[in-house]
Structure formats: C-alpha cells, structure tokens
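Descriptive analysis of the structure
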Amino acid sequence: MDELQHECGVAAVYHLNSGEISPLIPRLRRKDKTLIDPATEDPVVVRNRASRLVPGMLLDMQNRGQLAAGITSYNPERLQLIQTHKDVGGVAEVFRMNHEDRYKALMTEHAGQAAIGHVRYATCGKDDPTYAQPFERQHIARSKWFSFAFNGQLANYIDLRQELLQTTDFHLTRETDTEILHHLIGHELSLNPVITPVELLRTLAARLDGSWNIVFLNARGQMFVSRDPLGMRPLCYAHEGSLFAAASESVALTHLGFAEDSVHNVPPGHVVIVDGTSVKVEKFAESPRQAHCFFEWIYFANAGSNFDNAGVYLSRKRLGEELARRETLTIADDVIVVPVPDTAKAAADSMAFQLKVPSLEGLIRNRYIGRTFIEGNNRADKVRMKYTPLPEIMEGKRVLLVDDSIVRATTLRELLALLKSRGRAKEIHVRIACPPIIAPCFYGIDMSTVSELFAPNFMSGNVITPEEEQAMADAIGADSLRYLPIESLASCVGLPSTTLCQACVNGVYPTLAGEQMYAKAQEKAAQECENGGKCGGQAWETRERIYV
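Described in the following lines is the structure provided in the data block. Think of each chain on its own: its residues are numbered from 1, step by step along the sequence as written. Residue-level local features of this predicted model are given only where pLDDT is at least 70; pairs of side-chain atoms are given and counted only at 80 or more, and the full residue set underlies all totals for whole chains, interfaces and linings. Side-chain calculation: all heavy atoms of the structure are included, whereas hydrogens and water are not.

So, on to the sheet that holds strand β8 (residues 210–218). Overall, antiparallel pairing links the six strands, which are arranged β6-β7-β8-β9-β13-β14 in an open sheet. The open sheet terminates on both sides in strands that have one partner only, identified here as β6 (135–137) and β14 (279–283). This sheet shows a mean twist of 20° between the axes of neighbouring strands, independent of strand direction. In this analysis, strands are considered paired if DSSP registers two or more bridges between them. Comment: elements are numbered from the N terminus, with helices defined as DSSP H or I runs of at least four residues and strands as E runs of at least two. As paired strands, β8 and strand β9 (residues 223–226) are joined by four bridges and run antiparallel to one another. Counted as the bridge partner of isoleucine 214 is serine 226 from β9. Seen against the sheet, helix α6 (residues 177–191) touches β6, β7 (146–154) and β8 and runs at an angle of roughly 130° to β7. Axis definition: a line fitted to C-alpha atoms, limited for helices to the stretch in contact. Angles are taken between N-to-C directions and run from 0 to 180 degrees. Residue contacts follow a heavy-atom distance rule, with two residues in contact if any of their heavy atoms lie within 4.5 Å.

On to the sheet that holds strand β11 (residues 243–247), then. Read from one edge to the other, the open sheet built from seven strands follows the order β4-β3-β5-β2-β11-β10-β12, with strand pairing classed as antiparallel. Each edge of the open sheet is held by one strand with a lone partner, namely β4 (82–88) and β12 (263–265). Averaged over all adjacent pairs, the angle separating strand axes in this sheet is 15°, with direction ignored. Both strand β2 (residues 9–15) and β11 contribute to a ladder of five bridges, which runs antiparallel. Residue pairing for β11: alanine 12 is matched across the bridge by alanine 246.

In this scheme, a residue with accessible area under 20% of its type's maximum is buried, one over 50% is exposed, and one in between is partly exposed, where area comes from a 1.4 Å probe on protein chains only. Most of β2 sits inside the fold, with seven of its seven residues counted as buried. Of the two faces of β2, the one holding Gly9, Ala11, Val13 and His15 and the one holding Val10, Ala12 and Tyr14 are both buried throughout. Where β2 and strand β5 (residues 114–120) come together, six bridges link them in antiparallel fashion. Residue pairing in the sheet places glycine 9 in a bridge with valine 119 of β5.

Spelled out as structure tokens, the structure:
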C-alpha cells in the first residue's frame, strides 16, 4: 500500500563455447516471418545472441525496480570487448522494446555470448542515469576491465565511504554503495590482476555488512554470480547444455525455457564461476546463519517465483489462511473480502475461501500509471488517480480490506476515505498480512525513518495489543485493524524463523552495522520529538515526494 521499494534485481547469461548451440537462444525470422534454422548460421553469431535473453529476464523482474535498467555484454569479436547500455526508465523504455527496429538495432550493437543486467530502484542515490547499473570500469588491461551489477544494500556504507575518502586516493562521485563496491573491486584487481573470484569475494566479505548479491563480467570473458553469506536476497541459477543463466527470481529462468529441476539457489556465501567452457560453484565464506528477507515472499518477489525451497504464491496463500483463522468479525451475508491490488490478492482470496465469503475486486488499480511523479501535495488526488472503488461491489457491505503491509499509512488513510465516500462501504475492517513494521530496513528496502513509520507511534512495546490496533484503526478511519502476529511469519513463509531476517518487525538485526544504524535511528527520532519535530501520531501524516 505504501509502495515499498526494493533495491534492484540482477541477471546474467552465458553461452559456453563448448557443446551444441542451446535451443533456448532466440531464433531470427526472415521477412516472410519464417524462422531461420540456427544450424544454418555461423555458430559464433548464434552464441552472440545470448545477450538478447537479458531484457526479457529483466522484464520478468520489473517488480523489483522501475527506476532504471541496463546491460553489459561481452563479445571477443568486438573492439569494445565489453559494452554497456543503461538508462533511467522501465525495461521496455530502456531497451526500446515497443519499437521493433530500435530494439533490434540495440540488440545487434550489444550482441554478446555473455551478458549481465540490472533493474534498479534507489534506496541509495539519485534518480539519475549515471546511477543506473551495471557499473563498467574500462581499462587497457583486459583483466582490469570489468562491469558488475549489485542487488542489496551495504549497511556499513557510511563507514566504508569515510574510510575510502580518508585513507586512500579514491574520489567518490556518487552517493551510492554501488560505487563503494566499484572501488573495492577495482582496488583488489589493481593489487592482483589474476585474483580469483573466491579470493576477491573472501576479501569483500571481510569488509561488507549487509546484503550484496553481485553479477560480474570482465573483458576476458570471465563471469561470476555471488550471494552474500547471509543470503538476504534471493539468487537463482540454471545450467542446461551450453547455456548458463542466473537471476534474482526463478521465474526469469523458467520463462527462458529452463526446466524447473534445472533451477537452483546459489547457496549463501557461494559463487558460481563461469568462463567459456565450464560452470563451477565454490564457497567463498562461511554462512553460520541465514537471514532471508521475509518480505521477498509476502511482497517483493514475483508470485511465480520459488526460491530457498519456499514458493512465493503458496506463502501468500498461507498468510490469508492465517488471517482467516484469527478473524473475529461476525460473518454474515453482508461481509466481503476486497484485496488492495496487486500483491495482497493471493492472501485475500485465500482468506475469503477459508471464511466462505466472496473475494471481490471492489478496488481497481490503474496499472498504466507506472512509477509516475505527480506534482502537488494533495495525496487524496493521487489516490483517486491510482485507485477506483466500485460502489456496486461495496455499497452497504462490511468490507474486509486485505493489504500486505502498512509502512507510513499515508496512502491507506486516503484510500479508506475514498472507499467510504465513493465506494459507499458500510464498514471497513483492515487486515494486514504482515506484523507491524516498527523499524527501518538497512539491507535494501526503502522503509523510511523511525519517525515516519506508522506503527511505532501507537505501540508501547514490540508486541501490539488489541487496544493499540483499535487506536490505529481510529487514526486512519477504519472500523477495525488487525495485523498478522510475528510468530505466524515463519510458518506462512515455510522456513524456520532462525533463517529469516525479521528486523523490520522485531527490531532484531542480523548484522552489527544494522544494530548500530537502528540505535542511531532511534536516537534521531527521539531528538526530533524533543525538539518539537514530528513525533507521536503526526509523523506518518506527511510525505512530500510521492510516486504512483
């Protein structure tokens, strides 16, 4: 509801020189629309079409970021051995996918047997083309000429930045942790041009705190994809015959045509190393504990994805079942369930099925707005542009409105007013398929500051009471409000609670830098309140820049 945003998605593809041409490589069409048999083409030309798979993979992960997209391809037959194209915009915009001739020209220019790609939402850095990824570093030495893309967020970014600026000759031109990684990787390659991926990542692991999945490609045609030791963000790979691919979401691989049993998770603390002839999985760091972000399953990931042995859709279905099990509203003929589009639909449908009441789309979302910046400060106007309530569905009904989370509650407050005025609902009972968010995320999710969060302004502890829930309901204009309890999360996701990061709902961070940043965030919020700033129930009411 509050448009939580994620720090990106990554993709990689490599057509090996060994083996037959992969049947998954795109086939060309003649002018009469008939397909050309790849066996009649130059094998090198066919292998270099592997890079054409990347835009489609990124499109499958557009849910992970709509701010920018990019690709770096490797082609040993090209003067520019590795070459990058990136820009601000959605995947279709960046790759000109709505203009066939422009798209084909772009894909021809960036043809390569290996490529990496990225979709971006910024939790760190500006809305600027220079912040788009991949980041490429050109060098006269092929081993030092590389490009990489990054999914995650470094919790110790500020410390690393200060260290680099104070103790080295480095200069940072952007306010983003990606540039920190860029410098760290470049520095290690300068010290040892033949450093192995395992050695490089082992060095990085000793310095980095947070989540940091990396896809890397250099001008020697060497690629690796790696997952941080905590496994916070998902990363999957597949290898069939001569084709290798990796992505933040499994659905991006199965849509290419890989069999489901060929898709694997990159284990935390491991790297998949790919060159022109082989694919190897190696460990670069111990993983004493795992901290998979639970929000991947309840909000961020594509509903068709499955990673870390837990399916996204089934997880959301179980959330709805748990909401139904805890429902206290007296069920009668005038009760309906309405999901807030789109990620809450699976939970809402499941909840309605268990309660034996209709699940109806009483709220229609304008899916063509995209991530558009709207001028002005009238949030109600923005909500009206984005959502259309259907009075023919809700008039005179007691509505169980199901959403996946509440962060600031600013949009939800306006939406509830809209549902009552235009939707003419008799009652609205909000049900949230997530516990109260009480703390910011420092690992790749834009969750605001402590003072901007909704729930902490009403809660005296980390466990919400019925009285506090009702106070929240009154504040946003709902008849009642119920959250899912923390103890239900693990069973709904389908993983042990010890393997999940739940810091945003329990305040327990899996890394030292996270703990330190949370302590500073709490201190800052307390100071703002003491100095007459936003505190109590006022902090969540304003948020100047709104994307819809």
